[in-house]
Amino acid sequence: MQTEIISVDPRSPQPDVIARAAAVLQRGGLVAFPTETVYGLGANALDPVAVAKIFAAKGRPANNPIIVHIPDAASVERVAAAWPEHAARLAVHFWPGPLTLVLPKRRELPAVVTAGGPTVAVRVPANPIALELLRAADIPVAAPSANLSSELSPTRAEHVHRGLAGRVDLILDGGPAAGGIESTVVDVTRTPPRLLRPGLLHPAEIERVIGSLARGSAIASSDLAPLASPGMLARHYAPKTKLYCENEAARERIEALAARGDRLAWIPFAAPLDLGQPNVHAVPMPKDPAGYAAKLYAVLHELDEANLTAIVVELPPATDDWLAIRDRLLRAMQRASL
Ligand code: TXA
Ligand code: MG
């Protein structure tokens, strides 16, 4: 398959380009498009053959359900069978935006989208290109992150192309995805609603609207337990380069790796940028969660291209506002340390 890339202006997406992309979706093809979190790999959610192409392109395990993207809350009824009070309140506050709601699935929605399960995950993305595409196609669009399964999510069109060239019909290049990490996934089929995947929208903001969320027992602690979301693999979001996450022992780790001749990248949080080691490429990161999220995958993609032997990251604090970042870093490490 030939993969075409077209630039789109995120402030005012060209209608002819959007119409072309919509036509690809309507005839069962795959379109990668920017959202405010990361790039998505979209297919017609109502067409099981089209959705199966997503699983094939990504090498995604069939037991990992896919988020369905819609242009507005009114479109929920096309894929979900109920609209609980908590969902309605959250949608008013946070849609369009980086919040995914898990709802009872509508019977007509193909089982392949939900990995055979009784629920569907839905969100309205806050990106003009994504929204125009969803409106023009006039179909719910199933879209996981546009990367090979278990690898880093893409925040730029070139990341998508590097991973999926030849496996996707069209890539809409709308520049860098501003948010940088994935949406927060909340199960609103139960009371209290449950946080399934930490993400760009912080739990505190959600709790301000609907009160306490149920959580996986260990997600706020330093060693992260897998969350209760199907397909949330412990090993996920990983660069190809070996990645170490450290708290206080960063200096010792770097000295040990440097001593055996490794070429290292060092991403500190509170520790000094310069550890006085040659062959260590230091990468400063923003000190706020939003700034850090916006850069995280882009930095890891770039370091992955730099032919290093290891990346050492000093973990941000184990507080709620850093939950999603720590989740992604610890999952990235799991793969690398195998
Ligand atoms: O920001 C995002 O959410 C991006 C953009 C493209 O929208 N999408 C994304 O999709 O990150 P993906 O497939 O990489 O992650 C979807 C997550 C997985 O953890 C999956 O298990 C969970 O959502 N999920 C999907 N459907 C679910 C369901 N019915 N019940 C529970 N979890 C579900
Ligand atoms: Mg993903």
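Going by the structure above, here's the rest.
*Asks:* Whenever I open this one, the pattern of salt bridges confuses me. Can you help?
*Replies:* Pairing is possible between side chains that carry opposite charge, provided their charged atoms lie close to one another. On inspection of all chains with the given rule, the structure shows 15 salt bridges. The partner of Arg 190 in a salt bridge is Asp 187, with the nearest N and O atoms 3.7 Å apart. One salt-bridge network, in which partners are shared between bridges, spans Glu 182, Asp 327, Arg 328 and Arg 331.

*Asks:* Honestly, the packing of helix α3 (residues 85-94) against helix α6 (residues 203-210) in this entry has me stumped. Any pointers?
*Replies:* Working note: a packed helix pair is described by the angle between its axes plus the distance between those axes. Where α3 meets α6, the axes come as close as 10 Å, and the angle between the chain directions of the two elements is 125 degrees. For the element pair α3 / α6, the angle class is oblique. Crossing angle aside, the handedness with which α3 passes α6 is right-handed. On α6, the residues touching His 86, Arg 89, Leu 90, His 93 and Phe 94 of α3 are Glu 205, Ile 206, Val 209 and Ile 210.

*Asks:* Got a minute to help me understand the pairing of strand β8 (residues 170-173) in this structure?
*Replies:* Across a regular strand the side chains alternate sides, sitting on one face of the sheet and then on the other. Here strand β1 (residues 4-7) pairs with β8 via 4 bridges, running parallel. Across the sheet, Ile 5 pairs through a bridge with Ile 171, a residue of β8. Examined bridge by bridge, strand β2 (residues 31-34) and β8 share 2 bridges and lie parallel to one another. Among the inter-strand pairings, Val 31 is bridged to a residue of β8, identified as Leu 170.

*Asks:* What is the right way to read the nonpolar core from this model?
*Replies:* What tends to happen in soluble globular proteins is that the nonpolar side chains get buried as a cluster. With 48 residues, the main nonpolar core has Leu 41, Leu 90, Trp 95, Leu 99, Val 122 and Ile 206 as its most contacted residues. When contributions to this core are tallied by element, the ones reaching two or more residues are β3 (39-44), α2 (48-58), α3, β5 (99-104), β6 (119-123), α5 (157-164) and α6. The greatest single-element share of this core, amounting to 5 residues, is contributed by α2.

*Asks:* Hey, could you run me through the side chain of Asp 187 in this one?
*Replies:* If you trace the backbone, Asp 187 turns up in strand β9 (residues 184-187). A polar contact is formed between the side chain of Asp 187 and the side chain of Thr 189, at a distance of 2.6 Å. The residues contacting Asp 187, other than those within four sequence positions of it, are Val 102, Pro 193, Arg 194 and Leu 196.

*Asks:* I tried to follow the sheet that holds strand β11 (residues 242-246) on my own but got confused; where do I start?
*Replies:* Picture the strands of a sheet paired through backbone hydrogen bonds; they go either parallel or antiparallel. The sheet built from 4 strands is open, its strands ordered β11-β14-β12-β13 with parallel pairing. What marks the edges here is a single partner per strand, and that holds for β11 and β13 (280-282). Looking at each pair of strands side by side, their axes are set apart by 20 degrees on average, direction ignored. One ladder, built from 3 bridges, connects strand β12 (residues 264-267) with β13; its direction is parallel. Within β13, the residue paired with Leu 264 across the bridge is Val 280. Helix α7 (residues 250-259) contacts β11, β12, β13 and β14 (310-314) of the sheet and is inclined by roughly 170 degrees relative to β12.

*Asks:* I'm lost on α6 in this one. Help?
*Replies:* Two residues of an α-helix separated by three or four positions point the same way, owing to the 3.6 residues in each turn. Along α6, the positions that sit buried rather than exposed are Pro 203, Ile 206, Val 209 and Ile 210. Buried residues of α6 fall within an arc of 125 degrees about the axis and therefore sit on the same side. Note on α6: the residue one or two positions beyond its end, Gly 211, has a positive phi of about 85 degrees.

*Asks:* Can you walk me through the packing of helix α1 (residues 15-26) against helix α4 (residues 128-137) in this structure?
*Replies:* At a closest axis distance of 9 Å, the pairing of α1 and α4 adopts a crossing angle of 55 degrees. The angle between α1 and α4 places the two elements in the oblique class. Crossing angle aside, the handedness with which α1 passes α4 is right-handed. Contact with α1, carried on its side by Ile 18, Ala 21, Ala 22, Leu 25 and Gln 26, involves Ile 129, Glu 132, Leu 133, Ala 136 and Ala 137 of α4 and no other residues of that element. Of the residues assigned to the contact of α1 with α4, the class counts are 8 nonpolar, 1 polar and 1 charged.

Criteria and thresholds
- Sequence positions are assigned chain by chain, starting from 1 and proceeding in written order.
- Chains and ligands are labelled by the order in which they are written, letters from A for the one and numbers from 1 for the other.
- Residue-level local features of this predicted model are given only where pLDDT is at least 70; pairs of side-chain atoms are given and counted only at 80 or more, and the full residue set underlies all totals for whole chains, interfaces and linings.
- Heavy atoms throughout the structure, all of them, feed into the side-chain values; hydrogens and water do not.
- Criterion for a salt bridge: a side-chain nitrogen of Lys or Arg within 4 Å of a carboxyl oxygen of Asp or Glu.
- Lines fitted to C-alpha atoms define the axes, with helix axes restricted to the stretch in contact, and inter-axis angles between N-to-C directions lie between 0 and 180 degrees.
- Strands are runs of DSSP state E lasting at least two residues, helices are runs of H or I lasting at least four, and both sets are numbered from the N terminus onward.
- Our angle categories are set so that under 35 degrees counts as roughly parallel, over 145 as roughly antiparallel, 65 to 115 as roughly perpendicular, and the remainder as oblique.
- When the near helix sits turned anticlockwise from the far one by under a right angle, the crossing is termed left-handed; a clockwise turn instead gives a right-handed crossing.
- Note on definitions: a residue-residue contact is assigned when non-hydrogen atoms from the two residues lie within 4.5 Å.
- Paired strands, as defined in this entry, are two strands with at least two bridges between them according to DSSP.
- We call a set of buried residues a nonpolar core when its members are Ala, Val, Leu, Ile, Met, Phe, Trp, Tyr or Cys and they connect through side-chain atoms within 4.5 Å of each other.
- Note on exposure labels: buried denotes an accessible area under 20% of the residue type's maximum, exposed denotes more than 50%, and partly exposed covers the range between, all computed with a 1.4 Å probe on protein chains only.
- Polar contacts, as counted here, are pairs of nitrogen or oxygen atoms within 3.5 Å of one another; within protein the pair requires one atom able to donate a hydrogen and one able to accept it, and residues that are adjacent in sequence qualify only if both atoms are side-chain atoms.
- Directions drawn from the helix axis to the C-beta atoms are what define this arc.
- Side-chain classes follow a simple rule in which Ala, Val, Leu, Ile, Met, Phe, Trp, Tyr, Cys and Pro form the nonpolar group, Asp, Glu, Lys and Arg form the charged group, and the remainder, Gly included, forms the polar group.

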